[in-house]
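Below are the chains, spelled out letter by letter.
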Amino acid sequence: MLAAMSTATVRVTAPTAGSPRPRPRDAAGPLADGLVVLVLVLAGVVVVATGAQVLGLRPLATRAGSAAAAALVLVPLVVLGLHLRGRPERPLARDRGAPARTLLVAAPALVLVAVLLWSLTLPHALRVEWFVNGDHVRHLVLVADERAHGALDYSVRGYPRAWHTTVALVRSLTGPPSERADLVGLLDLMAGMVWLLFAAVALATASLTSALATRAGLAPWTAAGAAATAGAATLWPAFLGNYQALGFEGSLVAALVVAVPLREVLVRPVSVTASLTAWAGLLVMAHTWQLLLPVSGALALVATVARVRAAAPGRRARRLAGAAGLGVVVAAASLPAMTAVVGAVGVGHAVVADVEAPVPLWLLGLGLAGTAVLAVVRRRDRALLVVLAVSVLPALTALGLAVRLGIPVTRYYPAKLLWHSTILGLSMVTVVAFLAVVEARAQRLPTLVGRGVLAVTAAVVALGAVVTPVAAFGGAWSTVDGATVLRLLDVSGAERAQVVWSGGPLVTDVATRILLDGDRPEAGRRDTPQGGLTVAQECDLLRAAADPTVLSDRPEAEVRRRYACVPTVTVIGPARG
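All of the points below concern the structure found in this document. Keep in mind that this is a model prediction, so the values were computed, not measured.

1. Let's talk about the overall build of the protein
Phase 1: The helix and strand inventory of the protein stands at 22 helices and three strands.
Phase 2: Expressed as a percentage of its 577 residues, the buried residues of the protein come to 53%.
Phase 3: Partitioning the contacts of the protein with sequence separation of at least 6, the portion at a separation of at least 24 is 78%.
Phase 4: Summed over its atoms, the accessible surface of the protein is roughly 24,800 Å², and 66% of this surface lies on carbon and sulfur atoms.

What follows is the structure in structure tokens.
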């Protein structure tokens, strides 16, 4: 089967006299276009929400305002799309296999979509329990705060929030009119959106791999197979099972806004699309994770230089002015986030080590080796060499950060940077593996073993790509009792509680207590402690409160005995049937 794939050709009809030669179909092209739109939407939301803050407007706080904000984001994109579509292009070659190859490239992302749809048949608690873990609960509070404030503001807290602003916009468009209401509904929305976010990451990885494989000379079906394999690998525990389960939503957004412009720079380096996507990625990264700004900045620079150099001498000044205009917009819209992180956080925050960020170092090594091999094999392809260099940049940034701060490279922030080079390296090592088998066959070497190993590896990767997402809804990622969290959040007046005590695991109480901050005004709010508390610490919280309240599903008498330290405590909880 692999031999047939490696020798596959695209059916091209002979051009008529005087007509341009048809260009081959890019199986990942339609998918990549959708990802480009997603990155541009994220950037557009940031621009609109930042501008609203400057003007003193609060569009995210109301449905009408959010509809207007969405129009400001989408209408320019539609106009741009129509303008680009009207440009003359070479006709596409006739290729009956292209739609099937597109489905193959999209298969890993479609698996996640299918699992999400299947989860809708499950009980509510099982459907969202995976989400009420790790940092997801803290991200939900940020979204609730963003929606209540109505614009992108960093005056209270400096955490970058491009993704949160987008979720807040969707919530205002689809949720209840009240600024702070229905935490359970917001939890449902975020769980679905974050799940689909990883589907976009898997699709971006597959699309990038498809472009690399085609650039390296693999036949269309072989390139699609390599793309599907790399995309499926992202669904394994080292990626989906760790970073999604731990709630590292910013890392997922960052992975998306690196992979998408990286492919554009490789496939259509001098196009308007590549330039806009790279600059949009830089803006989103400034509001997502500033340690990866060198990567996004390099992509924006590469796209700008390529586009200016490709222009006729008389048009270069115009293109340079356009790039400068984009740079000014990006710089202005990035300023609030950059000021917040420099003034309130600083690079020294990277020494924080209270959370583990797993990174498969063996897979990082394979990816770097694959990158080196591709660089040697395709050493005359300058565009490909640039892409390979950018893919290694997160790892180099991790090393520089570790040396600068005197911390291990496996510490939280450097490790997350290494993870980004690892997920990019999936594309490189997969392409090299497929190239090796194809080349061995071309040299008439005994390839049965190599082809067998590759086939078995692809099958195992595909199996893991199905098992890992399904396991998420079977409790494999869960550290909390989802049913208890939902039941407690649904209690009227739950936001008054300073202490949560349930019959579930301790983490259930912590997660519920953190989530309740999403139902309290951010201004003047004292954030709840983020970890587990002893009874003595809980008593201190109750004593300091004007209205000491405990949220519990235990019998009231039992709760009062536990918190006898505050005789006037109010006990609230779910109604007992």
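2. Observations regarding the state of the cysteines
Phase 1: Tallying each qualifying case throughout the model produces one disulfide.
Phase 2: There is a disulfide in this structure between Cys 539 and Cys 565, and the S-S distance comes to 2.0 Å. Taking the torsion about the S-S bond as the criterion, the Cys 539 to Cys 565 disulfide, at about -90 degrees, is left-handed. In this pair, Cys 539 sits in helix α21 (residues 535-544) while Cys 565 sits in the loop between α22 (556-562) and β3 (570-572), placing the two residues 26 residues apart along the sequence.
Phase 3: Taking the relative accessible area as the measure of exposure, Cys 565 reaches 27% and is therefore partly exposed.

3. Section: the sheet that holds β3
Phase 1: One open sheet holds the three strands; their spatial order is β1-β2-β3, and the pairing between them is parallel. Of all the strands in the sheet, just β1 (499-501) and β3 have a single pairing partner and so form its edges. Put simply, the sheet's adjacent strands are angled 25 degrees from each other on average, direction ignored.
Phase 2: Pairing geometry for strand β2 (residues 549-552) and β3, over three bridges, is parallel. Residue pairing in the sheet places Val 550 in a bridge with Val 571 of β3.

4. Overview of the side chain of Thr 371
Phase 1: You can see Thr 371 is positioned in helix α15 (residues 361-377).
Phase 2: Side-chain polar atoms of Thr 371 contact the backbone oxygen of Gly 367, separated by 2.8 Å.
Phase 3: Sequence-distant contacts of Thr 371, defined by excluding residues within four places in its chain, comprise Leu 388, Ser 391, Val 392 and Met 428.

5. Quick notes on the nonpolar core
Phase 1: The biggest cluster of nonpolar side chains holds 155 residues, and the ones touching the most others in it are Trp 130, Trp 195, Leu 256 and Leu 551.
Phase 2: Residues Trp 501, Cys 539, Val 559 and Tyr 563 belong to the second largest nonpolar core, which totals ten residues.

6. Details of the packing of aromatic side chains
Phase 1: The tally for this structure, following the rule as stated, stands at 14 aromatic pairs.
Phase 2: Seen in terms of ring centroids, Trp 118 and Phe 473 are 6.3 Å apart; in terms of plane orientation they differ by 90 degrees. Their pairing is edge-to-face. Residue Trp 118 is found in helix α4 (residues 98-119), and its partner Phe 473 is found in the loop between α18 (448-472) and α19 (482-489); the two are separated by 355 residues along the sequence.
Phase 3: Note on Trp 118: relative accessible area 38%, which makes it partly exposed.
Phase 4: Put simply, the rings of Phe 239, Tyr 243, Phe 248, Trp 289, Tyr 412, Tyr 413 and Trp 419 touch in pairs and so form one group of aromatic residues.
Phase 5: Above the face of the Trp 221 ring, Arg 101 is positioned so that its terminal group lies 5.9 Å from the ring centre.
Phase 6: Here the guanidinium or amino end of Lys 416 rests over the ring plane of Phe 248, the centre of that ring lying 4.7 Å away.

7. A look at the side chain of Ser 210
Phase 1: Here Ser 210 lies in helix α8 (residues 183-215).
Phase 2: Residue classification places Ser 210 among the buried positions, given a relative accessible area of 4%.
Phase 3: For Ser 210, the residues in contact, after removing those within four places along its chain, are Asp 26, Ala 28, Ala 223 and Ala 227.

8. Topic: the pattern of salt bridges
When charged atoms on two side chains of opposite charge get close, those side chains can pair.
Phase 1: Summed over all chains, the structure comprises 15 salt bridges.
Phase 2: The salt bridge involving Arg 161 is made with Glu 146; its shortest N-O contact spans 2.8 Å. Taken together, the positions of Arg 161 in the loop between α6 (136-149) and α7 (162-174) and Glu 146 in helix α6 put the pair 15 residues apart, joining distant regions of the chain.
Phase 3: According to the relative accessible area criterion, Arg 161 is buried, its value standing at 3%.
Phase 4: Put simply, Arg 263 and Glu 264 hold a salt bridge, and the shortest N to O gap is 3.9 Å. The burial state of Arg 263 is the same as that of Glu 264; both residues are buried.
Phase 5: A cluster of three or more residues bridged by salt bridges with shared partners is formed by Asp 33, Arg 263, Glu 264 and Arg 268.

Reading the values: rules and limits
Residues numbered from 1 in each chain as written. Predicted model: local features only at pLDDT ≥ 70, side-chain atom pairs only at ≥ 80, totals over all residues. Heavy atoms only, no water. Helix = DSSP H or I, 4+ residues; strand = E, 2+ residues; numbered from the N terminus. Buried < 20%, exposed > 50% of the residue type's maximum accessible area, 1.4 Å probe, protein only. Contact = heavy atoms within 4.5 Å. Areas by Shrake-Rupley, 256 points an atom, 1.4 Å probe, with all protein chains shown as cover. Disulfide = S-S within 2.5 Å. Pairing = 2+ DSSP bridges. Axes fitted to C-alpha atoms, helices over the stretch in contact; angles between N-to-C directions. Polar contact = N/O pair within 3.5 Å; in protein donor to acceptor, adjacent residues only side chain to side chain. Core = buried A, V, L, I, M, F, W, Y, C linked by side-chain atoms within 4.5 Å. Phe/Tyr/Trp six-rings, centres within 6.5 Å; stacked < 30°, edge-to-face > 60°. Lys NZ or Arg CZ within 6 Å of the ring centre and 35° of its normal. Salt bridge = Lys/Arg side-chain N within 4 Å of Asp/Glu carboxyl O.

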